[in-house]
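# What the coordinates show
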Amino acid sequence: MSFVITTPLYYVNDKPHLGSIYTTLICDSIARYKRLTGADVIFITGVDEHGLKIQRTAKNKGVEPQFHCDEISDIFKQNWKDWDITHNKFVRTSSKKHEYIVKEFYNRVKKSDDIYMGVQKGWYCVGCEEFKDNPDNSPTHKCPIHQKTLEWKNEENLFFKLSKYQSQIEELIKEPKFIQPKERRNEIINFVSKGLKDFSISRTNVSWGISVPDIDNHTFYVWFDALLGYVSAISLDMNQPSLDESIDNGWPADIHLIGKDILRFHAVYWPAMLISAGMKVPKKVYGHGFLTREGQKMGKSLGNVLDPEILLSKYGKEAVRWYLLKDITLGQDGDFQNKRFVDIINNDLANTIGNLLNRTSSMSRKWFDNRVPSNELLSKDNTLELYAKKTVENYFRHFNSYELDLAANVILSLAINTNLYLNEKQPWTLIKDEKNIPLVSNIIYNVLESTRIVGLLLLPILPNLSSKIDQQLGLLYNENESWKKQLDWGKLIHESILPAPNPVIEKLEYE
RNA sequence: GUCAAUGUAGCUCAGUUGGUUAGAGCACGACAUUCAUAUCGUCGCGGUCGGCGGUUCAAAUCCGCCCAUUGACACCA
């Protein structure tokens, strides 16, 4: 079973910011999860490289656009390496393969009679790459976002007949699962109900782009170009890529995970384009929220932008992953608070999970000759086993509906409950009487087993921490057995050796 | 301006079809313990559930109005 998941193709005007990291981490976690459940995952990311903005950025730097794009796209690649991102495809829209796909796609859309030449005029912001409707609001004709002077444009553009697909798009977005979260879905429905207008898909005098076949001086508008990156990414053949090949190899995408700002392109324009080309639409478009910092919007003008590289070097990827995935509900805006960050990492990862592993392993080593004790005496009291089973169930349910925060919280609850179980049973008191040894061995087996499951469940969310836990439990993770199977209770092998415990995660300190 | 969403303890949030003293985690305070990473645990502090009015035997939960915040309103990777 194949599963196709995409991040947006990030614009190469700058190196990755925290938002790009956030989106990509979510996708990475989902991709890891799907792989573990046996799916044949194609995890796509990449960069969007064309457009006037890039052309000018390069010019200002005194380099060719391609050079600039090579540079930034290498930075992206390095970033994903640093963050342990497990993408399968990294697509560049300046690649030859992509160009083939765009042109073929264009021809299909053209054949559907959905392309015509029109005139677009108005005030244009190069920063936004868009026409502004009411520049009258600003007498200076400046873009409200970029504070740049708008440029008057009066040019012929190719248009795509979006209006033709009004009813089909309405039908599509009516499907509750297509757009998520549902709050965003209503916005889109509202928008579409007002009537769809055709939109332009080409620009004149933008040399840095894919040229429109047979029409001089026209290049494709970045959106038309970039969205197709998802399709060209799937194509395998560098020499002879084709839409059909991409379809055979996995299209359509199961989920486009994007920021809420670009939801409309993915949920309305993109499906219409695909329908026009006779292709399947993506199964789901999920718009996540934005990140703020200490309650404030992050922005260059405010000077409060959080640099992901600093975050990474200072706290490590596991900590950042945990905070972003566990503490922020997918689809809602999230706030990055330094104090909360430190508190959560220390409490959840170090105190609750790390210490559980540590105390459990120590007891076992101390009383059972550095080994996992026997579980022969199966007492009727198997509350922990029941709880673990319930946890695994809930975890799958949440992950399947992309509730990563809830999935993470469910793991945490299992760890908390295991700690409670220990405090209740008090094996350190029982062990003082020799006749209790079978009982103690059963208790210790249970907590070790529960801890093993905590570690296994962490695998898609915190892969490194998960494998550290596995190491301390004696490397039980078995590549030859399915992950789901390994989550069954009772897989911990008794008599196996437990290495000396070491903190699996360092505590963080306030600045 | 129009439409929509949100507004529950210091912070992040749960609160199912309205029903006993409104919950969790973190933070804070006290106690206790040692198997453990000054850790786990127990107890406590802390909320007129944005405001006003209404429906009801009963509302955080339904209705109306108001306030605040956020988002969408056509091409902002």
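All of these numbers come straight from a predicted model, not from anything done at the bench.

What counts and what doesn't
- Residues numbered from 1 in each chain as written.
- Chains lettered and ligands numbered in written order.
- Predicted model: local features only at pLDDT ≥ 70, side-chain atom pairs only at ≥ 80, totals over all residues.
- Heavy atoms only, no water.
- Helix = DSSP H or I, 4+ residues; strand = E, 2+ residues; numbered from the N terminus.
- Expected span 1.5 Å × (residues − 1).
- Buried < 20%, exposed > 50% of the residue type's maximum accessible area, 1.4 Å probe, protein only.
- Arc of directions from axis to C-beta.
- Contact = heavy atoms within 4.5 Å.
- 1 Å grid on protein atoms, 1.4 Å probe; cavity = no way out; pocket = protein on both sides within 12 Å on 5 of 7 lines; lining within 4 Å.
- Points joined across faces, edges and corners; volume = space filled by probe spheres on them.
- Domains from an automatic or database assignment.

## Let's talk about helix H6 (residues 182–193)
An α-helix turns once per 3.6 residues; consequently, residues spaced three or four apart project the same way. Here H6 spans 16 Å end to end across 12 residues, near enough to the 16 Å set by a 1.5 Å rise per residue. All buried positions along H6 are accounted for by Arg184, Arg185, Ile188 and Val192. Down the axis of H6, the buried side of the element spans an arc of 105 degrees, and every buried residue falls inside it. Considering only its buried residues, H6 is in contact with helix H5 (166–174), strand S7 (179–180) and helix H10 (263–276).

## Some remarks on the layout of surface pockets
Taken as a whole, the second largest pocket spans an internal volume of roughly 380 Å³. What lines the second largest pocket is a set of 20 residues, among which Gln180, Pro181, Tyr286, Ser401 and Glu403 lie closest to the centre. Taken together, the elements giving at least two residues each to the lining of the second largest pocket come down to S7, H6 and helix H15 (404–425). The greatest single-element share of the lining of the second largest pocket, amounting to three residues, is contributed by H6. Both domain 1 (2–289) and domain 2 (338–486) contribute no fewer than three residues apiece to the lining of the second largest pocket.

## Some words on the environment of Gly455
Among the structural elements, Gly455 can be located in helix H17 (residues 437–458). Overall, the relative accessible area of 3% leaves Gly455 in the buried class. When the C-alpha atoms of Gly455 and Ala415 are compared, they prove to be 9.7 Å apart, with 40 residues separating the residues in sequence. Apart from the residues lying within four places of it in its own chain, the contact partners of Gly455 are Ser466 and Ile469.

Nothing here speaks to function; it is all geometry.
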